[in-house]
Amino acid sequence: MQYLKIAFRNIKKKPVFSGITFVGFMLGIMASVLIYLWVSNEISFDKSHNDYNRIYRVLTLSKQGDKISKTAGSFRPLAQTLKNDYPQIEAATFITFNSETSPLQKSDNSEKIEAKGSWSGGDFFTIFTGFKFLEGDAQSALSNPLNIVISEDIALKLFGNTSVLGKTIISDKYGKQIYTIGGVVRIPENSHISFDYMLSAQNPNLIAFNSNWRDKAYNRTYIKLDKNALITEDFLSRISEQVTRYSTLSDKLMFQPLTDIHLHSDYDTHGYDKNPGNIKYVWLFSGLAVLILLMAIFNFSVISVARASERSTEIGIKKVNGAGKLDFARQFLSESVLQTTLAALIGIILLWILLPYFNHFTGQHIHMTFSIQLVISLTIIILLSGILAGAYPTAFLASLKPNRILKKGSIGKSPNKLIKILVCTQFIIAIAFVTASSFFIKQINYIIEKDNGLNHDNIVVVPTGLWYGNHSFKEELRKNPNILAVSAGYAPIDFGWDAYLPLTHQGQSDSVKASLLWVDEDFAKTYDIQVIKGHFLNMDFSQYWEQWNKKNNSGKSHTVSFPVVINQQAEKALNFEDPIGQRLGNFVIVGVVKDFNFRSAHHPIEPLIMTNDPQNIMTMNIKIVPHNKAETIKFIRNSYRKHRGDREFSYQFFDDILTEIYQQEIFMRNISILFTAIAIIISFLGILGISLFSIQRRTKEIGIRKVNGARTSEILLLLNSDIVKWIAIAFIIATPITWYTVNKWLENFAYKTTLNWWIFALAGVLALGIALLTVSWQSWKAATRNPVEALRYE
């Protein structure tokens, strides 16, 4: 208790220095706790299920030409065959996602919403116990083939807070059907699986798909191993060949632990995994939090050592009276731990208040729940920070000789080298933060604003699900003068079909990997895509069906010709001397378009084939004039309801879709800005504290120099020269470190900004400017003071 009293007394005695270290600690703790909450959320994904460490997702390895493609897609019959063939597998299930939303409606037709559906078989809710049943239970929820399980959100939207178990609901996804609600589940926020509703695989409209070994794009398979299962090489080898054993396909299988899916998936999830993460960002931001906290710790250490001369008499007397190293450790560590604790408490309260604003700024959903784990973690962080902050000052002060202190009235020369090292380290971190943050912002803006070969300004994307009925809706839209162009397609860019087609053609024995995008004849016009050879698609709805019927109803083999347009990358891969008129199976090339990026900037432009298929036309891309947007959207909504009165109208601007695609990068950019600001403030506080103390110690020197004719500019130069050296050294060290880090991060993008030298220079100038302004303010006050007052003060 006595040590705490002394600690409080010393804090009150020097409120400015105490305030500097206090605010630095508070910001450091806030940043650390914030990242701790985010990291805890990231690593907790899919851990709400019992025995999560025994659950795996089945991945498929497919050979595409000379390359191996890894995907989360798998075949529906796979789950049952794995469970039947291997006693090590306790349970197996699959979930198939619908590629588009569909209407769900109360059976009395009073309420209707758009919902993203799925269907599953086997042991889904037995395996995924984290989906808590608010009504119904896992065993009986889908026991009836015409039962449906809905999410808590859907239940609230359709029925409010009333009980819904046993009530009926209508869906026309697989033929208009009335379903009985067998359960309501709460989907965890930190689950990679999400759905609005789930149907049973035994549904009469779906049961035929259970034995389909062809379609895997929308399906995911999961297994749960027996608790005593031995994962041997033979076991994994046999399972790898499971697809070959039951079909003519050559696909191989592998397992991915459930808890690795969110952060360790090195393949495209095609939008079906909710909020995919990246372990690199977890490590990166954990490191940033540690650096911020270290800066606060350095502030305390530097100022504590610098202030040691003011406590020389106290230290000397205590040493003469028998105080040992342990006594000094208790005293000085109690001071640092006390300040850390007080700063942490204030910081946590402020963080709790500001957390909603942080979530809004970064697009995250972080919550602060004071669990036992959180309290223990915070206690460890606070104590460790306090001990580290007080460790060096304690060791330094405890090592001083009492006879020297009492004889000279001071501790002698303070450890200036260490102070310079710590201050330089702070500025290394600050310069690195500013530089990296600048490049993060530059890169994110670059990929969002990059000319990707598409003009997506003012394009409204409307999911319709009309398939064959898109034509009349499209024609009505084109009558509005505020609508410049309309094109029907599979889905928005980057959400398109990512299946790779092995296309063999004359003169080529190897397959060519190409992505397939279903669009209509107005796609190029709507997105201003340049046709460089031939022409764009010209087969309309009736012509498509004429060809289709010839192929399927002729009773004999019939050669059909579905026109396709390829991009320059596909032309290069196909290696045709003149691609126009060349056949690719049932396809005939009618045009070549200039390369455009139909995926995000994380991916390079790949070979692309575009064709029209009414069965896969599910969205409308509508280019509108930039003015009267609200009026135009209203017209689109009214037209939509005429043609799809059974569905709710929804839309997105293409630019908003791009923002969603780059949500993770936008989060990284925004949190980098926040951390950079904190790093700069802590650096400013550290320099302020050191400059204040340094000038106070040199008051007599300044007075003597002024009496002897020194000008104000000379004194300013004297006091500021050291800080310029520190910044220069920090800049030299920080620049290569930042260059390497940013360069590694940019490897995640197929298209990247340049590493401009002026951004590094700007960061150095900014750090120098902040430091000089901080020091010069105090230096000017000292240099312009009356020297008589300075000497009298001494």
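In this text, all values refer to a predicted model and were calculated from it rather than measured experimentally.

Novice: What should I look at first to understand the overall build of the protein chain in this one?
Specialist: A count of helices and strands for the protein chain gives 24 helices and 23 strands. A separation threshold of at least 6 residues defines the contact pool for the protein chain, and within that pool the share at least 24 residues apart is 80%. Surface summary for the protein chain: the accessible area is close to 36500 Å², and the carbon and sulfur share equals 57%.

Novice: For this particular structure, what's the right way to read helix 19 (residues 654-661)?
Specialist: Residues separated by three or four positions in an α-helix point in the same direction, a consequence of the helix having 3.6 residues per turn. Within helix 19, the full set of buried residues consists of Phe654, Ile657, Leu658 and Ile661. Looking straight down helix 19, one finds that the buried residues subtend no more than 100° of arc, so they occupy a single side.

Novice: What's the story with the packing of aromatic side chains in this structure? I'm lost.
Specialist: Pairs of aromatic rings are described using the distance from one ring centre to the other and the angle between the two planes. Counted by the stated rule, this structure contains 29 aromatic pairs. Considering the side-chain rings of Tyr56 and Phe255, the 5.9 Å spacing of their centres and the 40° angle between planes classify their relative orientation as tilted. Remark: Phe255 occurs in strand 11 (residues 252-257) and Tyr56 occurs in strand 1 (residues 55-64); sequence separation between them is 199 residues. The exposure class assigned to Tyr56 is buried, which follows from its relative accessible area of 17%. Ring centres 5.8 Å apart and planes at 90° place the aromatic pair Phe94 and Trp119 in the edge-to-face group.

Novice: Please clarify how the sheet that holds strand 13 (residues 483-489) should be interpreted in this entry.
Specialist: The pairing of strands in a sheet comes from backbone hydrogen bonds and takes either a parallel or an antiparallel form. Reading across from one edge, 13-22-12-23 is the order of the 4 strands in this open sheet, with antiparallel pairing throughout. Every interior strand has two partners, whereas the edge strands, strand 13 and strand 23 (652-653), have only one. Relative to strand 22 (residues 619-624), strand 13 runs antiparallel, the two sharing 6 bridges. Across the sheet, the residue bridging to Ala488 is Met620, located in strand 22. Running at roughly 10° to strand 22, helix 14 (residues 470-477) makes contact with strand 13 and strand 22 of the sheet.

Novice: Honestly, the side chain of Thr526 in this entry has me stumped. Any pointers?
Specialist: Considering the arrangement of structural elements, one finds Thr526 in helix 15 (residues 523-527). Looking at Thr526, the relative accessible area reads 0%, which means it is buried. Once residues lying within four places of it in the same chain are set aside, the contact partners of Thr526 are Asn455, Ile459, Ala485, Val486, Ser487, Asn621 and Lys623.

Novice: Would you mind showing me how to read the environment of Phe667 here?
Specialist: Locating Phe667 in the fold gives a position in helix 20 (residues 663-697). Residues Phe667 and Gly363, spaced 304 residues apart in sequence, show a C-alpha to C-alpha distance of 6.6 Å. The contacts of Phe667, once residues within four sequence positions are left out, are Trp38, Phe285, Phe358, Thr362 and Gln364.

Novice: It is not clear to me how unusual backbone geometry should be interpreted in this structure. Could you clarify?
Specialist: A negative phi holds for most residues other than glycine; trans holds for most peptide bonds. The phi dihedral of Asn458 is positive, around 60°, even though this residue is not glycine. In the Ramachandran plot, Asn628 falls in the positive-phi region, its phi being about 55° despite a non-glycine side chain. The residue Asn628 is located in the loop between strand 22 and helix 18 (629-643) in this model. Since its relative accessible area comes to 41%, Asn628 is described here as partly exposed.

Novice: Sorry, what's going on with the pairing of strand 21 (residues 608-611) here?
Specialist: The side chains of a regular strand alternate between the sheet's two faces. Burial of the side chains of strand 21 extends over both faces: Leu608 and Met610 are buried on one face and Ile609 and Thr611 on the other. Relative to strand 21, strand 16 (residues 515-518) runs parallel, the two sharing 4 bridges. Its bridge partner being in strand 21, Trp518 is matched across the sheet by Thr611. Judged from the 3 bridges that link them, strand 18 (residues 562-567) and strand 21 form a sheet pairing that is antiparallel. Paired with Ile566 across the bridge in strand 21 is Ile609.

Novice: Is there a simple way to explain the side chain of Ser385 in this structure?
Specialist: Inspection of the secondary structure puts Ser385 in helix 11 (residues 372-398). At 2.7 Å, the side chain of Ser385 and the backbone oxygen of Ile381 are in polar contact. When near neighbours in sequence (up to four residues on either side) are disregarded, Ser385 contacts Phe25, Ile29, Leu293, Ile297 and Thr340.

Novice: Explain the pattern of salt bridges to me, please; I cannot follow it from the model alone.
Specialist: Working definition: two side chains of opposite charge can pair if their charged atoms are close together. Considering all chains together, one arrives at 17 salt bridges under this definition. Two residues, Lys474 and Asp520, come together in a salt bridge whose shortest N-O distance is 2.6 Å. Remark: Asp520 occurs in the loop between strand 16 and helix 15 and Lys474 occurs in helix 14; sequence separation between them is 46 residues. In the salt-bridge network here, residues are joined through shared partners; they are Lys474, Glu475, Arg478, Asp520, Glu521 and Asp522.

Novice: Quick question: what am I supposed to make of the packing of helix 14 against helix 18 here?
Specialist: Each pair of packed helices can be described by the angle between their axes along with the distance between the axes. In contact at an axis separation of 10 Å, helix 14 and helix 18 are set at 150° when each is read in the N-to-C sense. It follows from the interaxial angle that helix 14 and helix 18 lie roughly antiparallel. Here helix 14 runs over helix 18; the crossing is right-handed. For the pair helix 14 and helix 18, the contacting residues are Ser472, Phe473, Glu476 and Leu477 in the first and Phe635, Ile636, Ser639, Tyr640, Lys642 and His643 in the second. In the contact of helix 14 with helix 18, the residues fall into 5 nonpolar, 3 polar and 2 charged.

Conventions adopted
- Residues numbered from 1 in each chain as written.
- Predicted model: local features only at pLDDT ≥ 70, side-chain atom pairs only at ≥ 80, totals over all residues.
- Heavy atoms only, no water.
- Helix = DSSP H or I, 4+ residues; strand = E, 2+ residues; numbered from the N terminus.
- Contact = heavy atoms within 4.5 Å.
- Areas by Shrake-Rupley, 256 points an atom, 1.4 Å probe, with all protein chains shown as cover.
- Buried < 20%, exposed > 50% of the residue type's maximum accessible area, 1.4 Å probe, protein only.
- Arc of directions from axis to C-beta.
- Phe/Tyr/Trp six-rings, centres within 6.5 Å; stacked < 30°, edge-to-face > 60°.
- Pairing = 2+ DSSP bridges.
- Axes fitted to C-alpha atoms, helices over the stretch in contact; angles between N-to-C directions.
- Polar contact = N/O pair within 3.5 Å; in protein donor to acceptor, adjacent residues only side chain to side chain.
- Salt bridge = Lys/Arg side-chain N within 4 Å of Asp/Glu carboxyl O.
- Parallel < 35°, antiparallel > 145°, perpendicular 65-115°, else oblique.
- Left-handed = near helix turned anticlockwise from the far one by under 90°.
- Nonpolar A, V, L, I, M, F, W, Y, C, P; charged D, E, K, R; others polar.

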